[in-house]
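Examining the three-dimensional arrangement
One letter stands for each residue in the lines below.
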Amino acid sequence: MERRIGGLETEFGLVCVRADGTRALEPEAAARELFRPVVAQGRSSNVFLRNAARLYLDVGSHPEYATAECDDWWELVAQDKAGERILADLMARANAALAERGEDARIHLFKNNVDHEGNSFGSHENYLVDRRGEFTRLPRILLPFLATRQIVTGAGGVVTEEDGGSRFVFSRRSDHMWEAVSSATTRTRPLINTRDEPHGDPTRFRRLHVIVGDSTMSEVSTWLRFATTDLVLRLIESGRAVDVPELEDTISAIRVVARDLPGTEPLPLASGRTASALQIQQRYLDLVAPLAREDEHDVLETWQRALDAVLTGDRSWAAQTLDWAIKERLFTQVAARHGLALGDPRIERLDLAYHDIDPEQGLAASLRRRGQAPSVLSETAIESARAAAPATTRAHLRGRFVTASEEAHVDHVADWTTMRLVRQGAMPVSVMDPFQTESEQVDALIAQIRAHGSTDAAPPA
Ligand SMILES: Nc1ncnc2c1ncn2[C@@H]1O[C@H](COP(=O)(O)OP(=O)(O)OP(=O)(O)O)[C@@H](O)[C@H]1O
Ligand SMILES: [Mg+2]
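The rules behind each value
- Residues numbered from 1 in each chain as written.
- Chains lettered and ligands numbered in written order.
- Predicted model: local features only at pLDDT ≥ 70, side-chain atom pairs only at ≥ 80, totals over all residues.
- Heavy atoms only, no water.
- Helix = DSSP H or I, 4+ residues; strand = E, 2+ residues; numbered from the N terminus.
- Rg over C-alpha atoms; globule rule 2.2 N^0.38 Å.
- Contact = heavy atoms within 4.5 Å.
- Areas by Shrake-Rupley, 256 points an atom, 1.4 Å probe, with all protein chains shown as cover.
- Lys, Arg positive; Asp, Glu negative; His and termini not counted.
- Charge placed at Lys NZ, Arg CZ, Asp CG, Glu CD.
- UniProt positions renumbered as here; feature names shortened; annotations may be inferred.
- Buried < 20%, exposed > 50% of the residue type's maximum accessible area, 1.4 Å probe, protein only.
- Axes fitted to C-alpha atoms, helices over the stretch in contact; angles between N-to-C directions.
- Parallel < 35°, antiparallel > 145°, perpendicular 65-115°, else oblique.
- Left-handed = near helix turned anticlockwise from the far one by under 90°.
- Pairing = 2+ DSSP bridges.

Quick notes on the overall build of the chain
A tally of regular secondary structure across the chain gives 15 helices and 17 strands. Taking 2.2 N^0.38 as the reference for a compact globule, 461 residues should give roughly 23 Å; the C-alpha atoms of the chain span a radius of gyration of 22 Å, in line with that estimate. Referenced to the eigenvectors of the C-alpha coordinate spread, the extents of the chain come out at roughly 70 × 60 × 40 Å. In the chain, once contacts between residues fewer than 6 apart in sequence are set aside, the share between residues at least 24 apart is 68%. When the accessible area of the chain is evaluated, it comes to approximately 19900 Å², of which 50% is carbon and sulfur surface. In the chain, 54 positive and 69 negative side-chain charges are present, and the distance between their average locations comes to 1 Å.

Below, the structure is given as structure tokens:
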């Protein structure tokens, strides 16, 4: 696929604590407080927003934000950052309400991966692939790439080993993966989820659900996750015979790679030979290079720089660009300065602070302000992603529908493929092609909304 649609779902960690750090509200009550304005606006805790994203409370009271369909990976990063801001605003409103009621309680939201109770949070990537394509050979070619890409796009972190020692790893999530491919997302935690829900015309499309990724704070890390995976998918779709180093055991390999900071540990291959994470990533980069478009050369260059940072040990670029390397530098410096082991609870708190989405208190945000983490997207790009849907996909139609309905105070419901008014006899309008940006049916629906909107409707913003 030359132009691919993708979307990113992020599950957020939520705590509500008193000034002394003890738990103030149970997650369920805190989530209810957080979602009060959402429910007031949309009469549900599962809504689509004006930027066509989905915001909802998942089981276990986890807020989740799923970006709208994007066909440009910087747009996707902007839509994802917009989600952080939307949730940070909800958090600020909830905290103001709690303070007004005189409650000693403050909500914090984290875009993190694993908490100290061992819960892991999802950051699921969705990619549109052709139904007639190569779905059968897809896992074989994709898995070695996914198991090793953490040396580029991992969020970094510290794990405690069975012997009590602690060490820095590329991705903590690696220890939480239990299967290579499966149709379940929670119980068995596969790298690729095969549940067949295309959110589009099932005769033409499939949606690939990659669930091995870490939640990434760095714009470059998030961008690379999508941009490199997109290229590997194109390689698979090219139909060419591709010789990739298939791993003998994906799940043991992913754990080894997480701990292998030099990237050189030999991983057993199905062929009986071995290859290191660096060699495997380099192989994919070399294989996809001829398929990259002119405007994708920066993907190849950045990917190569990331691999070189592992190969040479020179972190000067990576430690201000990629999540794992930013954290590696930060944790080692703090640990050395205060004479701490990496497994010290203070380092764990630093890790959590890095994923705190509070624009003032969050550590990733403050590093960005100091030029120690990337800031590629302009303020305008992020703010417009908050207000408007991507213009080049179906999300554009959904964004217009939600905006018109909210402006006219008309009750409405949507999902990824349909839009409908909540009134007797209202017929849903479906858009089964994720690339579609124009629709007479949607225009008619919006005209109807404007004509029949409540008389006290506020003027359009
Ligand atoms: N046809 C498509 N191809 C690829 N991605 C899509 C397509 N349609 C929607 N998406 C993206 O897929 C994601 C779906 O998010 P959602 O949280 O609803 O996931 P789900 O897997 O369907 O449901 P749940 O999280 O409830 O299990 C969104 O980010 C959206 O932009
Ligand atoms: Mg989801």
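Some remarks on the UniProt feature "active site" (unreviewed entry) in the chain
The positions UniProt marks with the feature "active site" (unreviewed entry) are Asp58. Tracing the backbone through its elements, the reader meets aspartate 58 in strand 4 (residues 54-58). Since its relative accessible area comes to 22%, aspartate 58 is described here as partly exposed. Once residues lying within four places of it in the same chain are set aside, the contact partners of aspartate 58 are Glu11 and Glu64.

Quick word on the packing of helix 4 (residues 138-148) against helix 8 (residues 277-288)
Direction vectors running N to C along helix 4 and helix 8 enclose 125°, while the axes themselves pass 9 Å from each other. With respect to helix 8, the element helix 4 is oriented oblique. The interaxial crossing formed by helix 4 with helix 8 has left-handed handedness. Residues Ile141, Pro144, Phe145 and Thr148 of helix 4 form the contact with helix 8, whose own contacting residues are Ala277, Ile280, Gln281 and Tyr284.

Let's talk about the UniProt feature "binding site: Mg(2+)" (unreviewed entry) in the chain
Listed under "binding site: Mg(2+)" (unreviewed entry) in the UniProt record, and renumbered for this structure, are Glu9, Tyr56 and Glu64. The greatest C-alpha distance among the annotated residues, which extend across 56 residues, is 10.7 Å, indicating that they converge on a single site. One can find glutamate 9 in strand 1 (residues 6-11). The residues touching glutamate 9, leaving out its near neighbours within four places in the chain, are Glu64, Tyr65, Ala66, Gly122, Ser123, His124, Asn126, Arg207 and His209. Position of glutamate 64 among the secondary structure elements: in strand 5 (residues 62-66). Residues within four places of glutamate 64 in sequence aside, it is in contact with Glu9, Thr10, Glu11, Arg54, Leu55, Tyr56 and Asp58.

Thoughts on the pairing of strand 6 (residues 106-110)
Sheet faces and side chains relate simply in a regular strand, where the side chains alternate between the two faces. When you tally the buried positions in strand 6, you get four out of five residues, the bulk of the element. Pairing between strand 2 (residues 13-17) and strand 6: five bridges, direction antiparallel. For valine 17, the partnering residue across the bridge sits in strand 6 and is arginine 106.

Quick look at the side chain of lysine 111
Assignment of secondary structure puts lysine 111 in the loop between strand 6 and strand 7 (123-130). Given a relative accessible area of 2%, lysine 111 falls into the buried group. Those residues within four positions of lysine 111 in sequence are excluded, and the remaining contacts are Thr10, Phe12, Asp80, Glu84, Ser215, Thr216, Met217, His355 and Ile357.

Some details on the sheet that holds strand 12 (residues 205-210)
Sheet architecture is open: eight strands sit in the order 3-4-5-1-7-12-11-10, paired in mixed fashion. The strands lining the two open edges of the sheet, one partner per strand, are strand 3 (46-48) and strand 10 (179-182). Between one strand and the next, the sheet's axes are offset by a mean angle of 20°, whatever the strand orientation. Judged from the two bridges that link them, strand 11 (residues 190-193) and strand 12 form a sheet pairing that is antiparallel. Among the inter-strand pairings, asparagine 193 is bridged to a residue of strand 12, identified as histidine 209. Each of strand 1, strand 7 and strand 12 touches helix 6 (residues 219-237); the most contacted strand, strand 7, lies at about 30° to it.

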